[in-house]
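Residue-level structural notes
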Amino acid sequence: MEFSDELECGDEGLLSPPHTHQRTILHLDADCFYAQVEMVRQPELRDKPLGIKQKNLVVTCNYVARSQGVKKCMWLKEAMEVLPELVLVDGSDLTHYRRFSTQISGVAQSLTHRVERLGLDENFIDVTDLVDEYMNATGSSDIEGHVFGDKEPVSMDLVDPCGCGCRERLVAGSLVAKQLREQILKETGITVCAARSIPGIGSTTFSVLKDLGISTVQELQDVPLKLLRTKFDSETCSRLKEVSNGIDETSVKKSGKAQSVGLEDAFTKVNSVAEVKVKYQILLERLLKLLREDGRVPVSIRVSVRKFDLAKRFGHRETRQTSISSSLFPDGVNNVGENTRSSLMKTVMGLFQKMVDTSKDFHLTLVGVAFNKLIERVRKGKDISSFFGKRTREETTETYKYTTDNECKRLCVPLSPEKSSDGHESIREFEQINMDKLNDKSLLTSEPLDPILELESTDCRRVDNNTEDSDLVLKGIDPEVFRSLPEEIKQEVLKTHACPDRKSLTQTPSTSPVKTSNQAGVISIEKSGTIESNGSGHSGSKQLWAPR
DNA sequence: ATGGGTAGT
DNA sequence: ACTACCC
Ligand SMILES: Nc1nc2c(ncn2[C@H]2C[C@H](O)[C@@H](COP(=O)(O)OP(=O)(O)OP(=O)(O)O)O2)c(=O)[nH]1
């Protein structure tokens, strides 16, 4: 977790115009997220080198594996060469990760509604109100202590040269951060840490910067604008310059419900309509399940393919979309009948054939389907009057039929900032935190990654299904079609139809599994070398992207 | 690459 | 419909 507040205000040049430093924003990032989820689900994986695999890719791995040379997004083959004893768990189905992710954001949302999600494992949390309340309640002169980095304590004396009050904000904010991390660990078993990134600077931007010879925050600050302009438009340049000086006025935007919900399946080759149908059918079934959890009704569907293309083989997808008749979900999304399913499948295949001429040879490497516009459930008949009748005045703007989430958001902007009752409880808890007294140490530490245990090797997991002996009745799939399918596809069909969820998430982490769990988070300060750390910025004391 | 997302054009 | 960006 990162606590973002102005750190660069020691630079005199930045003091005009004066910063008021009014916001306090936390930036949370779960460590090796998918791997951690699997370790919570299967604690025996804890001390083994664990890789999360999707097809031929190891998308992430735990720190045990990282210490042995496994990298994120490494080819499976390469990873197994580097570390033959790597234990693999398939992470193609994001269901569990999605659930943990929702849970993590939920803990943050119990503090404030001002929570913005980024991907499954990052959250921006605007805790300004909580911090203000805390400071008003205690009097800022009573707020003393240290802010902790992930590993090293950081002296507050060194981070508040500007005297605008941000020092107290930093301390109070770090207390919120600490408590939030502990609560997330308690409720989900997941440890979160300082985000080591600056929003808006991901791997793409970083590699462009690198080509310009820019790898550190300092270098980004110093680079001539003209040089930047050769690679970025002027708006991006301004943003880059600002964030390099720790300035980011972007507001934390509440992430309501998703704008779209979709699923993809990638593979090396699919070239028959029968296979395509099966792929879409499986995706659609899974998607309807997701939809049920979402609760909204889809009004638009999008189908995508990726065609094999040796020449211009950048990750190009084609998509086609169409609207969905509201009559397909007369009772909402909870019970979707066979008619609706087959109608959706027809729609999907219709869209598919707009992209692929199935009378000729084709070679696909991915199919996908998404509901890309969703609305709150439509009430009908009697329900609609009671629906309207029960609403309070403030809520009535929500009740338009067929209002999309976006439109709804615009209409529902609250007139006054909300205060959660949770906030007060939290404030009380802050007061119980006993601040450690710690020696001031150098701010400019670049610590190595955590020490990681050496471990014994373990077998890779493998599942072999035999499809010959099964006479399963497969929902919605013609047995003759099934028999005609390639063996791989059969396997997949059997897997998705025969394999219910394994474990529930109710277990709690037995012991605090990881090292840093009692520390608040974070102000990371640049050592000199890499772009890995820098704290700064009022809304965004972030570092540049840190490849690890 | 893989399996998702967001926003802008 | 597609692009560029994010995780
Ligand atoms: N399939 C796929 N998944 C990704 C990609 N980037 C990130 N993820 C997933 C896997 C990660 O566990 C999760 C969070 O991404 P992060 O970039 O924060 O990495 P992670 O948390 O695994 O490791 P970290 O400890 O932050 O270095 O999102 C990607 O390009 N493809």
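Residues numbered from 1 in each chain as written. Chains lettered and ligands numbered in written order. Predicted model: local features only at pLDDT ≥ 70, side-chain atom pairs only at ≥ 80, totals over all residues. Heavy atoms only, no water.

- As annotated in an unreviewed UniProt entry, chain A carries the name UmuC domain-containing protein and comes from Petrolisthes cinctipes.
- UniProt annotates chain A under Sequence similarities (unreviewed entry) with the comment "Belongs to the DNA polymerase type-Y family." (UniProt positions renumbered as here; feature names shortened; annotations may be inferred.)

1. Focus on the overall build of chain A
- Summing up its helical and strand segments, chain A has 17 helices and 16 strands in all.
- Per-residue burial over chain A gives 46% buried out of 548 residues.
- For chain A, the proportion of contacts with a sequence separation of at least 24, taken over those separated by at least 6, is 72%.
- Of the roughly 28500 Å² of accessible surface on chain A, 49% is carried by carbon and sulfur atoms. (Helix = DSSP H or I, 4+ residues; strand = E, 2+ residues; numbered from the N terminus. Buried < 20%, exposed > 50% of the residue type's maximum accessible area, 1.4 Å probe, protein only. Contact = heavy atoms within 4.5 Å. Areas by Shrake-Rupley, 256 points an atom, 1.4 Å probe, with all protein chains shown as cover.)

2. Overview of helix α6 (residues 166-188)
- With 23 residues, α6 extends 31 Å from end C-alpha to end C-alpha; this agrees with the ideal 33 Å at 1.5 Å per step.
- With 19 of 23 residues buried, α6 is to be regarded as a mostly interior element.
- With its phi angle positive at about 80 degrees, glycine 189 sits one or two positions after the end of α6. (Expected span 1.5 Å × (residues − 1).)

3. Considerations on the protein's contact with DNA strand B
- In the region of DNA strand B, 23 residues are neighbours, and Leu57, Gln259, Gly262, Arg306 and Gly315 sit closest.
- Near the protein, within 4 Å, the atoms of DNA strand B are sugar or phosphate in 86% of cases.
- Backbone polar atom of glutamine 259 to a phosphate oxygen of DNA strand B: 2.8 Å apart, as the coordinates give it.
- The contact in question runs from a phosphate oxygen of DNA strand B to an N or O atom on the backbone of alanine 266, over 3.0 Å.
- Elements represented by at least two residues in the surface near DNA strand B include exactly β4 (57-61) and β12 (261-270).
- For the surface near DNA strand B, the class distribution of residues is 10 nonpolar, 6 polar and 7 charged. (Near = heavy atom within 4 Å. Polar contact = N/O pair within 3.5 Å; in protein donor to acceptor, adjacent residues only side chain to side chain. Nonpolar A, V, L, I, M, F, W, Y, C, P; charged D, E, K, R; others polar.)

4. Focus on helix α1 (residues 33-41)
- Across the 9 residues of α1, 9 count as buried, placing the element largely inside the fold.
- Packed against the buried residues of α1 are β2 (25-30), β3 (50-54), β4, β6 (87-90), α4 (95-109) and α6.

5. So, the sheet that holds strand β14 (residues 318-323)
- The sheet built from 4 strands is open, its strands ordered β12-β16-β13-β14 with antiparallel pairing. What marks the edges here is a single partner per strand, and that holds for β12 and β14. The average undirected angle you get between the axes of adjacent strands in this sheet is 15 degrees.
- Two elements, strand β13 (residues 297-307) and β14, share 6 bridges in a ladder whose sense is antiparallel. Paired with valine 305 across the two strands is glutamate 318, which belongs to β14.
- Running at roughly 40 degrees to β13, helix α12 (residues 338-355) makes contact with β13, β14 and β16 (364-375) of the sheet. (Pairing = 2+ DSSP bridges. Axes fitted to C-alpha atoms, helices over the stretch in contact; angles between N-to-C directions.)

6. Describing the sheet that holds β6
- Pairing is mixed in the open sheet, where 4 strands are placed in the order β5-β4-β3-β6. Unpaired on one side and paired on the other, β5 (74-75) and β6 mark the two borders of the sheet.
- Pairing analysis gives 4 bridges linking β3 to β6, with the strands arranged parallel. By the bridge assignment for β6, glycine 51 is matched with leucine 88.

7. Digging into the protein's contact with DNA strand C
- Within the structure, DNA strand C sits among 13 residues, and Gly200, Gly202, Thr205, His316 and Gln321 are positioned closest to it.
- Counting only the atoms of DNA strand C within 4 Å of the protein, the fraction contributed by sugar and phosphate is 100%.
- Within the contact set of DNA strand C, a phosphate oxygen lies 3.0 Å away from a backbone nitrogen or oxygen of glycine 200.
- At 3.4 Å from a phosphate oxygen of DNA strand C is found a main-chain nitrogen or oxygen belonging to threonine 204.
- Put simply, the parts of the chain that give the surface near DNA strand C at least two residues each are α7 (203-211) and β14.
- Sort the elements by how many residues they give to the surface near DNA strand C and β14 lands first, with 4 residues.

8. Comments concerning the domain arrangement of chain A
- Domain boundaries assigned for chain A yield domain 1 (260-372) and domain 2 (405-546).
- Taken together, the contacts link 10 residues of domain 1 with 12 residues of domain 2.
- Between domain 1 and domain 2 lies a buried interface of about 930 Å² when both sides are counted; carbon and sulfur atoms form 63% of it.
- Of all residues in domain 1, Glu275, Val278 and Ile282 give up the largest surface area on contact with domain 2, accounting jointly for 45% of the area buried on that side.
- Joining domain 1 to domain 2, the criterion identifies 1 salt bridge.
- One salt bridge connects glutamate 492 with lysine 279, and the closest N-O pair in it is separated by 2.6 Å.
- Scanning the region where domain 1 abuts domain 2 turns up 1 residue pair in polar contact (both at pLDDT 80 or more).
- The biggest single contributor to the side of domain 1 that touches domain 2 is helix α11 (residues 273-294), with 7 residues.
- Broken down by class, the residue content of the side of domain 1 that touches domain 2 amounts to 3 nonpolar, 1 polar and 6 charged. (Domains from an automatic or database assignment. Buried area = accessible area lost by both parts, 1.4 Å probe. Salt bridge = Lys/Arg side-chain N within 4 Å of Asp/Glu carboxyl O.)

9. Section: the state of the cysteines
- For the structure shown, the criterion picks out 0 disulfides.
- Take cysteine 61: it sits in no disulfide, and the sulfur closest to it among the cysteines is that of cysteine 32, at 7.5 Å.
- According to the relative accessible area criterion, cysteine 61 is buried, its value standing at 0%.
- The closest cysteine sulfur to the non-disulfide-bonded cysteine 193 is located on cysteine 32, 8.9 Å from its own sulfur. (Disulfide = S-S within 2.5 Å.)

10. Some words on the site of the ligand
- Lining the immediate environment of the ligand, one finds 14 residues, of which Cys32, Gln54, Thr60, Lys72 and Asp121 sit closest.
- Glutamine 54 is positioned such that a nitrogen or oxygen atom in its side chain is 2.7 Å from a nitrogen atom of the ligand.
- At 2.9 Å, a side-chain N or O of arginine 66 approaches an oxygen atom of the ligand.
- Considering the ligand on its own, with 590 Å² of exposed area, one finds that the protein chains cover 70% of that surface.
- Of all the secondary structure elements, the ones that give two or more residues to the shell around the ligand are β2, α1, β4 and α2 (63-67).
- When the residues that make up the shell around the ligand are grouped by side-chain class, the tally is 6 nonpolar, 2 polar and 6 charged.

11. Examining the environment of asparagine 339
- If you trace the backbone, asparagine 339 turns up in helix α12.
- A residue is classified by how much of its surface remains accessible, and asparagine 339, at 67% relative accessible area, is exposed.
- Sequence separation between asparagine 339 and leucine 328 is 11 residues; the distance between their C-alpha atoms is 8.3 Å.

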